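# Fold and contact review
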Amino acid sequence: MTSEVVVMNRMGIALAADSVVTASAGSVYKHHDSVVKLFMLSEYHPVGIMVYNNASLLGVPWETIIKLFRKNLGNRNFDDLEGFGREIISFLNNNQNLFPENVQEKYFLINFEIECHKILEDARELFNLVPLSDLSEEEAREQMRATIIREAIKDRVTMWEARDDANEFSDELVRGFTSKMSGEIHSVIMEIISDWPADTNDIRLLYRLAQLLILKDFPILETYTGLVIGGFGQNEHFPVVQHITISGIYGGVLKFRVSASQEISDDSPSYIESFADTQTVDGFLYGVNESILEEIERAEIIIREAPVEVLEAIEDITDERKTELINIVKSASKQEADEFHDRIKLSRLKRFYGILGVVETLPLKELAKVASTLVSLSSFDKQLSLETETVGEPIDVAVISKGDGFIWINRKHYFKADLNHRYFEKFRHDTSDPERKNDEDTQIRNPKSSKENEC
């Protein structure tokens, strides 16, 4: 997991990202704290990008993709920040040499296996809930297992069918892609459900699930990538942030979702948002984290239902009087629960808008401090919890303004700057164009004396 934060006001935008990635090899998990998730997107214009969740697309690291895109982009600019997002999507769609057909098929099968394993997990959970008395005979046991696997498959397919269609994919394209891979799909199905008494109708539904993975606008948690693009378009005087979800490439077509952009304006002079692991940051911003909100929702239910249950348990009053009292209590309980909900909501918003009010007035240096501190808070929370430390330092921080462009505040290197003069000289020789002053590598002017850039 990752913690990334965007903080904006009229002065500019601060981006901050942690450095931890978790890699799994079977049951063994390894954590690395040197992963780059924050990048300059253009060498010439004030735009940055952060990456979270999956660090690669079909096996190609996003760091490689972004640097190839930046080179391809050159000096081109766009009227609005969203133009950079459109250009990234176009770049991915038009560079199939990065994502050959056999690789697209390989990662599609990985996604399909993930969904099939989720079905098996659901089926096992349901089977464990069945009373042992219902499983005393072998025939009854097999009938129960057949019913459970069928329901688990149906539930998963129904969930996917309820999602909106992905605009990029036609039924014809999806059918063509899955038909070509029907043999591989069948092999996955047979391997996954080999221990369960699935019938031909179950298998047909699993084929349908394979199509839905492409057809529907719903990212698979384990494999999607989130892109957070922030900065200024050519005609924009205040910063903008855009969020794009990349879910894979199928049949040469990129599957993506673009969320509505957030921009600074007179009506919205400041903005804060966290991405990926948002629980700690949102808990600080609103004063209540997600787990507490769930308990508050349960309290609202108790406020509504407990008085009614008490009245229903009373035996020494007539049914007519009981009904009359229940109706009175239901109305009063609902009103009290609604007011309780509104007070909690108002308290959360009051804290959040109070913080936004302060952010509105901050200079660029303080914007960077806010973004960095929020990510650090998420890291500290993980250190003190029993959860896996999926967020951690060092924290990369950049500030982007209309006048100064992309400026690194904190940036890690996987190498020591004073041992790699040639690396920096390579970029220094190429700075005759004054617009290259924003180049992320030429910002380190004196590696011999710069200690802050050492790893």
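Please refer to the structure higher up on the page.
Residues numbered from 1 in each chain as written. Predicted model: local features only at pLDDT ≥ 70, side-chain atom pairs only at ≥ 80, totals over all residues. Heavy atoms only, no water.

## Notes on the sheet that holds strand β2 (residues 13-17)
- Pairing is antiparallel across the open sheet formed by 5 strands, whose spatial order is β13-β1-β2-β14-β15. With one partner strand each, in any of the chains shown, β13 (270-276) and β15 (405-410) form the two edges of the open sheet. Each strand axis lies, on average, 15° off the axis of its neighbour in the sheet, ignoring direction.
- Note that strand β14 (residues 396-401) and β15 share 5 bridges and pair antiparallel. Among the inter-strand pairings, Val397 is bridged to a residue of β15, identified as Asn410.
- Contacting β1 (3-9) and β13, helix α10 (residues 319-359) runs over the sheet at an angle of about 115° to β13. (Pairing = 2+ DSSP bridges. Helix = DSSP H or I, 4+ residues; strand = E, 2+ residues; numbered from the N terminus. Axes fitted to C-alpha atoms, helices over the stretch in contact; angles between N-to-C directions. Contact = heavy atoms within 4.5 Å.)

## Points about the side chain of Glu87
- Position of Glu87 relative to the elements: it lies in helix α2 (residues 82-93).
- The exposure class assigned to Glu87 is buried, which follows from its relative accessible area of 16%.
- Side-chain polar atoms of Glu87 contact the side chain of Arg76, separated by 2.7 Å.
- Excluding residues that lie within four positions of it along the chain, Glu87 makes contacts with Phe69, Leu73, Arg76 and Phe78. (Buried < 20%, exposed > 50% of the residue type's maximum accessible area, 1.4 Å probe, protein only. Polar contact = N/O pair within 3.5 Å; in protein donor to acceptor, adjacent residues only side chain to side chain.)

## Some words on helix α6 (residues 182-192)
- All of the buried residues along α6 are Ile185, Val188, Ile189 and Ile192. Seen end-on, α6 carries its buried residues on one side only, within an arc spanning 100°.
- Turning to α6, the residues buried within the fold contact α3 (101-128), α5 (171-180) and α7 (200-215). (Arc of directions from axis to C-beta.)

## Focus: the environment of Arg156
- By the element assignment, Arg156 lies in helix α4 (residues 138-161).
- Given a relative accessible area of 16%, Arg156 falls into the buried group.
- In this structure Arg156 touches Glu115, Lys118, Ile119, Asp122 and Leu209, once residues within four positions along its chain are discounted.

## Concerning the pairing of strand β11 (residues 253-258)
- As paired elements, strand β10 (residues 240-250) and β11 share 6 bridges and run antiparallel to each other. Within the sheet, the bridge partner assigned to Ile246 lies in β11 and is Phe256.
- Between β10 and β11, which follow one another and run antiparallel, lie 2 residues, and Gly251 among them has a positive phi close to 60°.

## Looking at α10
- An ideal rise of 1.5 Å per residue puts 60 Å on 41 residues; α10 measures up with 59 Å between its terminal C-alpha atoms.
- The set of residues buried in α10 consists of Lys322, Ile326, Ser333, Ala337, Arg348, Phe352, Ile355, Leu356 and Val359. (Expected span 1.5 Å × (residues − 1).)

## Digging into the side chain of Glu236
- In this fold, Glu236 is placed in the loop between β9 (225-231) and β10.
- No salt bridge is formed by the buried Glu236, whose closest oppositely charged neighbour, Lys402, lies at an N-O distance of 6.7 Å.
- A polar atom in the side chain of Glu236 sits 2.7 Å from the backbone nitrogen of Gly233.
- When near neighbours in sequence (up to four residues on either side) are disregarded, Glu236 contacts Asp79, Asp80, Leu81 and Lys402. (Lys, Arg positive; Asp, Glu negative; His and termini not counted. Salt bridge = Lys/Arg side-chain N within 4 Å of Asp/Glu carboxyl O.)

## Regarding the pattern of salt bridges
- Enumeration according to the criterion identifies 22 salt bridges in this entry.
- Among the salt bridges present, the one from Arg150 reaches Asp199, with a minimum N-O distance of 3.1 Å. Residue Arg150 is found in helix α4, and its partner Asp199 is found in the loop between α6 and α7; the two are separated by 49 residues along the sequence.
- Within the structure, one salt-bridge network assembled from shared partners comprises Glu115, Lys118, Arg156 and Glu222.

## A word on the packing of aromatic side chains
- Scanning the entire structure with this criterion turns up 14 aromatic pairs.
- Each ring, one from Phe69 and one from Phe91, has its centre 5.6 Å from the other, and the planes form 80°; the classification is edge-to-face. With Phe69 in helix α1 (residues 62-73) and Phe91 in helix α2, the pair connects residues that are 22 residues apart, well separated along the chain.
- Taken together, the aromatic side chains of Phe108, Phe112, Phe169, Phe177 and Tyr250 make up a single cluster linked through ring pairs.
- When the ring centre of Trp196 is taken as reference, the NZ or CZ atom of Arg145 above it lies at 4.4 Å.
- Taking NZ or CZ as reference, Arg351 lies 5.0 Å from the ring centre of Phe284, over its face. (Phe/Tyr/Trp six-rings, centres within 6.5 Å; stacked < 30°, edge-to-face > 60°. Lys NZ or Arg CZ within 6 Å of the ring centre and 35° of its normal.)

## Topic: the pairing of β10
- Most of β10 is tucked away, with 11 of its 11 residues classed as buried.
- Bridge count for β10 against strand β12 (residues 262-263) is 2 bridges, and the pairing is antiparallel. Paired with Val241 across the strands is Gln262, a residue of β12.

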